[in-house]
Structures are given as C-alpha cells and as structure tokens.
Amino acid sequence: MEKIGRQVFLYDFYGELLTDHQKSVYEDVVLNDMSLSEIADERGISRQGVHDLIKRCDRILVSYEEKLHLVERFFKNRENIARIRELSAGNADDSLAALAEIHEISGQILEEL
C-alpha cells in the first residue's frame, strides 16, 4: 500500500488514540495535504518540529497496528466478502462447491470476530 494510503487507513482506525494536538497536525499533513512549512507557519512552530511530530505519530499508529492488526483484518475480511459475493453470483453447475467455499470463508470470518 502506498505511504499516504497506509497513513490514512492507520489514522482512520487508530487516530482517536492520538492527542488532540497530534490529531490536528497529522490531519493537516495526511488528510489536508498541507506542507510542513505551511503547518509550521500556521502554528508558530518549526518545520522540524512538525516533521518530528508526524514521524512520532506514524510510529505510534504503526505500533497500534502491529499489536491489534485491525487494518490487516479489515482488508482480509473485505477480500473474503468479495469472494463470497463472487461465489454467490456464479452459475448453478458449481453451486455445491461454491456453497462449500462460502461456508469455509464465512467460518474463517466468524473465527476472527
């Protein structure tokens, strides 16, 4: 996954665990596409301070993902659900095999919940 996309997903899942200040600056960089200089000027801090804060937030969010794996599970479940939809829309000739695979995939999803 590209860096910005990964940052957005990590923020979506774990952003509420950051402080208000961290959230605000991180949103400006990742979601609002502001430059470090723009944020530094707006907040009266150094560009290096903004850079350090973003790096710290990245490390915090990645550490949450390493412990909880919510983003990983989200993508895995999304793939499994897409496969179930594909199987359920298939032709009648393979319906027993499709049902067996749907049963297996749904069991995996339930196990993870």
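Notes on the structure follow. (Residues numbered from 1 in each chain as written. Predicted model: local features only at pLDDT ≥ 70, side-chain atom pairs only at ≥ 80, totals over all residues. Heavy atoms only, no water.)

Applying the stated rule across the entire model yields five salt bridges. Residues Arg43 and Asp28 are paired through a salt bridge, measuring 3.0 Å at the closest nitrogen-oxygen approach. One end of the pair, Arg43, is in helix H3 (residues 36-43); the other, Asp28, is in helix H2 (residues 20-31), and 15 residues separate them in sequence. On the basis of relative accessibility, which here comes to 29%, the residue Arg43 falls in the partly exposed class. (Salt bridge = Lys/Arg side-chain N within 4 Å of Asp/Glu carboxyl O. Helix = DSSP H or I, 4+ residues; strand = E, 2+ residues; numbered from the N terminus. Buried < 20%, exposed > 50% of the residue type's maximum accessible area, 1.4 Å probe, protein only.)

What follows covers the packing of aromatic side chains. Evaluated as defined, the whole model comprises seven aromatic pairs. Their ring planes at 65° and their centres at 4.8 Å tell us that Phe9 and Phe75 sit as a pair that is edge-to-face. Of this pair, Phe9 sits in helix H1 (residues 3-14) while Phe75 sits in helix H5 (residues 70-88), and the two are 66 residues apart along the sequence. Judged by its relative accessible area of 24%, Phe9 is partly exposed. By way of ring pairs, the aromatic residues Phe9, Phe13, Tyr14, Tyr64, Phe74 and Phe75 are connected into one cluster. (Phe/Tyr/Trp six-rings, centres within 6.5 Å; stacked < 30°, edge-to-face > 60°.)

Remember that the coordinates give geometry; whether it matters functionally is a separate question.
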